[in-house]
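# Fold and geometry: a report
Take a look at the letters that make up each chain.
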Protein chains: 2
Amino acid sequence: MRTLLTLIALALTFPATAQEAAAPVTPNSVVAEAAPEEWIAIPPEDLLVMELAPDAEGEPRRVVIQLIPAPFSQPWVENIRTLAAAHWWDGTSVNRVQDNYVTQWGDVTEEKPLPEGVVAPEVSYTISGVHRMLDAAGSPNLSPDAAAEHTQFVAGWPVAAESMRLHAWPIHCYGYVGVGRGYAPDTGTGAELYTIIGQPQRHMDRNLAVVGRIIERMEHLSSLPRGSGELGFYTEEEAHLRTPILSVRLASELDAQPTFEYLDTSSESFARYVHVRANRDDAFYTVPAGGVDVCSVQVPVRAVSE
Amino acid sequence: MRTLLTLIALALTFPATAQEAAAPVTPNSVVAEAAPEEWIAIPPEDLLVMELAPDAEGEPRRVVIQLIPAPFSQPWVENIRTLAAAHWWDGTSVNRVQDNYVTQWGDVTEEKPLPEGVVAPEVSYTISGVHRMLDAAGSPNLSPDAAAEHTQFVAGWPVAAESMRLHAWPIHCYGYVGVGRGYAPDTGTGAELYTIIGQPQRHMDRNLAVVGRIIERMEHLSSLPRGSGELGFYTEEEAHLRTPILSVRLASELDAQPTFEYLDTSSESFARYVHVRANRDDAFYTVPAGGVDVCSVQVPVRAVSE
């Protein structure tokens, strides 16, 4: 009876033509039907535009990175804004591509001076006292997780926490961007960055700082030739494979600012999206998994044309 | 006290110089220390060698695929052996590369006749009556899983099952190979194959047949240019991006047979490997995750030189 009532309620909430009612619900269809007010604009100071050298056919390669908002990883994010404002990455390169692991970029000489104020912050890979923030996020319950006691979405970002949820930390999913460092945990500034190009690398969580994610043209980083040196670094014989970085700019510095929105992770549509993602049952999929990993729920992001 | 005894037992079991004793334990170091008898040879009839056209620099591109053993997906695996013996893939191509999803290959015309006997089998994406096999596998317990009630390794392969473990099925991890099909579940023969080039796609489990995994030079498939058509297919304007497949052969048909071994997933070393993978604590990682996803435990495979 409750099921029937729920169905009626859904039918009232989502009036549809006979044809629309028959169309199977997919993650994409849920996102397409989200209400305009469920989309949240990304501030231009949280967008980094990276121009790689054109590809072999002369096509430009522009990648857009969204920086993670407070309270996560902010000392590194501030460094990254300083580095971008100083045009520090101009003339650096992509130096490491390790299959099913990471693509990494920065200064291959490791000798380029950093702008004033850019120093490796004291280590704070986890955020404390976040119980209220996690409660207020209102994101749907996720399936059991292999690498954390609790996972959820906070302000558009996948976050893990221990069971008491007093400490939380961001997660290394596909396309997420982190801060390279040396052996000591407190040696990363944000000048050396990597992005995950294979399965999630959850053992990096709490050991390295997640500072952003690629939201446009990830393939410019994931489809690069793999390096044959140790850890996927290009060897000296492969120096020609290093992709030059022409420029990295904060969108707020650009005349033509790209604008993006993400689907509010506390919205009804996002909750439906997670549910459908965990229970695919449509024209192609007939056996629902019944659950979904936090990294398999990619937060919908869209470019907004002027 | 128990901890101390355990440490002593470990010290006795693994005598080492002072320097070796001080070296941190990593997944790689556990694999390197595995005993010769913990490695199992892969039969040549389970190895497919795929030669792609040389790359832009004229370098050959050879990929090796291991086929999944019984009892999983065998009707499709038999089809694949028949297709390889008929040299059916020679002259076909890689036609689809969708970022963070799949690379797919086969006959782009969809009109090439199949060898006699190659027909889409009745659907059997799960295997029944496998409780004893799963019990006998002796693989270590894994962390809670988002997409299945139970996961473990069976004869070298990641497998999921429902809680009673009467039904089991293979898993779509990075580099795993599956059978493309049409909308109806029983429309795949094995002629059209894909491999996962991003995060695991667990919603495909039980909906598509896992028939193998790439065990050598995965990067030849994962680093290809992405297609801009629907689902990542190359458009007609991008026809030049389709990578030609020169040949696909069963290793048992080759004069110079490549030989590979995998680490016995019921061995002590594999259990240690899973434990260390879930609890990285070494010169670089200082905060162990405490758990690991089944797909993040890549089964060690090594080439054996003659």
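Residues numbered from 1 in each chain as written. Chains lettered and ligands numbered in written order. Predicted model: local features only at pLDDT ≥ 70, side-chain atom pairs only at ≥ 80, totals over all residues. Heavy atoms only, no water.

### Some details on the overall build of chain A
Of regular secondary structure, chain A possesses seven helices and 15 strands. A globule of 306 residues ought to have a C-alpha radius of gyration of about 19 Å, and chain A, at 21 Å, matches this closely. Taking the principal axes of the C-alpha coordinates as reference, chain A spans close to 70 × 50 × 40 Å. Counting across all 306 residues of chain A, residues that qualify as buried make up 53%. (Helix = DSSP H or I, 4+ residues; strand = E, 2+ residues; numbered from the N terminus. Rg over C-alpha atoms; globule rule 2.2 N^0.38 Å. Buried < 20%, exposed > 50% of the residue type's maximum accessible area, 1.4 Å probe, protein only.)

### Some thoughts on the interface of chain A and chain B
Of the residues lining the interface, 48 residues belong to chain A; the matching set on chain B comes to 48 residues. When chain A packs against chain B, the two sides together hide about 3,800 Å² of surface, and 50% of this comes from carbon and sulfur. The tally of links between chain A and chain B comes to zero salt bridges. Scanning the region where chain A abuts chain B turns up 20 residue pairs in polar contact (both at pLDDT 80 or more). (Contact = heavy atoms within 4.5 Å. Buried area = accessible area lost by both parts, 1.4 Å probe. Salt bridge = Lys/Arg side-chain N within 4 Å of Asp/Glu carboxyl O. Polar contact = N/O pair within 3.5 Å; in protein donor to acceptor, adjacent residues only side chain to side chain.)

### Focus on the relation of the copies chain A and chain B
Laying chain A over chain B is done by rotating through 180° and shifting 0.0 Å along the axis; what remains is an RMSD of 0.0 Å. Put plainly, the chains are arranged around a two-fold axis. When the interface residues of chain A are mapped onto chain B, 100% of them are again interface residues, pointing to one common binding face. (Least-squares fit on C-alpha atoms with pLDDT ≥ 70 in both.)

### Things to note about the pattern of salt bridges
Overall, the coordinates contain 25 salt bridges over all chains when judged by the stated rule. Note that Arg226(A) and Asp99(A) form a salt bridge whose closest N and O atoms lie 2.8 Å from each other. One end of the pair, Arg226(A), is in the loop between α6 (219-222) and β13 (243-250); the other, Asp99(A), is in the loop between β4 (93-97) and β5 (102-106), with 127 residues separating them in the sequence. A salt bridge links Asp46(B) to Arg81(B); its shortest N-O distance comes to 2.8 Å. Pair noted here: Asp46(B) is in the loop between β1 (39-41) and β2 (47-52) and Arg81(B) is in helix α4 (residues 74-85), with a separation of 35 residues, a long-range link. Residues Asp46(B) and Arg81(B) agree in their burial class; the two are buried. A cluster of three or more residues bridged by salt bridges with shared partners is formed by Asp46(A), Glu78(A) and Arg81(A).

### Quick look at the environment of Val97(A)
Inspection of the secondary structure assignment puts Val97(A) in strand β4. For Val97(A) and Leu134(A), which are 37 residues apart along the polypeptide, the C-alpha to C-alpha distance reads 35 Å.

### What about the pairing of strand β13 (residues 243-250) of chain B?
All names here are of chain B. In terms of residue burial, β13 counts as a mostly covered element, since six of its eight residues are buried. Both β2 and β13 contribute to a ladder of five bridges, which runs antiparallel. For Glu 51, the partnering residue across the bridge sits in β13 and is Ser 247. Pairing analysis gives two bridges linking strand β4 (residues 93-97) to β13, with the strands arranged antiparallel. From the neighbouring strand, Ser 93 faces β13, where its bridge partner is Pro 244. (Pairing = 2+ DSSP bridges.)

### With respect to the sheet that holds strand β6 (residues 127-128) of chain A
The strand order across the open sheet formed by four strands is β6-β9-β8-β7 (chain A), and the pairing between neighbours is antiparallel. With partners counted over all chains shown, the strands left at the sheet margins are β6 and β7 (150-154) of chain A, one partner each.

### Side note on the side chain of Asn79(B)
Residue and element names in this part refer to chain B. Assignment of secondary structure puts Asn 79 in helix α4. For Asn 79, the side chain forms a polar contact with the main-chain oxygen of Val 119, separated by 3.0 Å. Those residues in contact with Asn 79 that sit more than four places away from it in its chain are Gly 117, Val 118, Val 119, Pro 121 and Thr 189.

### Brief notes about the packing of aromatic side chains
A ring pair, where both rings are aromatic, is described by two values, the distance of the centres and the angle of the planes. Counting across every chain of the model gives 14 aromatic pairs over all chains. Consider the rings of Trp76(A) and Tyr125(A), whose centres lie 5.2 Å apart with planes at 10°: the pair is stacked. Taken together, the residues span a long stretch of sequence, with Trp76(A) in helix α4 (residues 74-85) and Tyr125(A) in the loop between β5 and β6 at a distance of 49 residues. Both rings, one in Phe284(A) and one in Tyr183(B), keep their centres 6.2 Å apart while their planes meet at 75°; by these two values the pair is edge-to-face. Placement of Phe284(A) in the loop between α7 (268-278) and β15 (301-304) and of Tyr183(B) in the loop between β10 (176-179) and β11 (193-196) is noted, with the two residues assigned to different chains. Connected via pairs of aromatic rings, a cluster forms that spans Phe153(A), Phe270(A) and Tyr273(A). (Phe/Tyr/Trp six-rings, centres within 6.5 Å; stacked < 30°, edge-to-face > 60°.)

### Comments concerning the confidence of the model for chain A
Residues and elements named next belong to chain A. For chain A, per-residue confidence averages 91 on the pLDDT scale, and residues scoring 70 or more make up 92% of the total. Note on residues 1-20: pLDDT under 50 across the span, and two contacts to partners over four residues away in sequence or across chains. In the predicted assembly, ipTM is 0.91 and pTM is 0.92. (pLDDT = per-residue confidence, 0-100.)

### Some words on the state of the cysteines
Residue and element names in this part refer to chain A. With the rule as written, the count across this model stands at two disulfides over all chains. Covalent S-S linkage joins Cys 173 and Cys 295, the inter-sulfur distance amounting to 2.1 Å. Every disulfide takes its handedness from the sign of the S-S torsion; for Cys 173 and Cys 295 that torsion is -75°, giving left-handed. With Cys 173 in the loop between β9 (167-170) and β10 (176-179) and Cys 295 in the loop between α7 and β15, this residue pair connects regions lying 122 residues apart in the sequence. By relative accessible area, which is 3% here, Cys 173 ends up buried. On the accessibility criterion, Cys 295 (3% relative accessible area) is buried. (Disulfide = S-S within 2.5 Å.)

### A closer look at the side chain of Asn207(A)
Mapped onto the secondary structure, Asn207(A) falls in the loop between β11 (193-196) and β12 (210-216). For Asn207(A), a relative accessible area of 1% puts it in the buried group. In this view, Asn207(A) contacts Tyr125(A), Arg181(A), Tyr285(B), Thr286(B) and Val287(B); residues no more than four positions away in its chain are not counted.

### Details of the sheet that holds strand β7 (residues 150-154) of chain B
Residues and elements named next belong to chain B. The sheet built from four strands is open, its strands ordered β6-β9-β8-β7 with antiparallel pairing. Of all the strands in the sheet, just β6 (127-128) and β7 have a single pairing partner and so form its edges. Bridge count for strand β8 (residues 157-161) against strand β9 (residues 167-170) is three bridges, and the pairing is antiparallel. The residue bridging Ala 160 from the neighbouring strand is Trp 169, located in β9.

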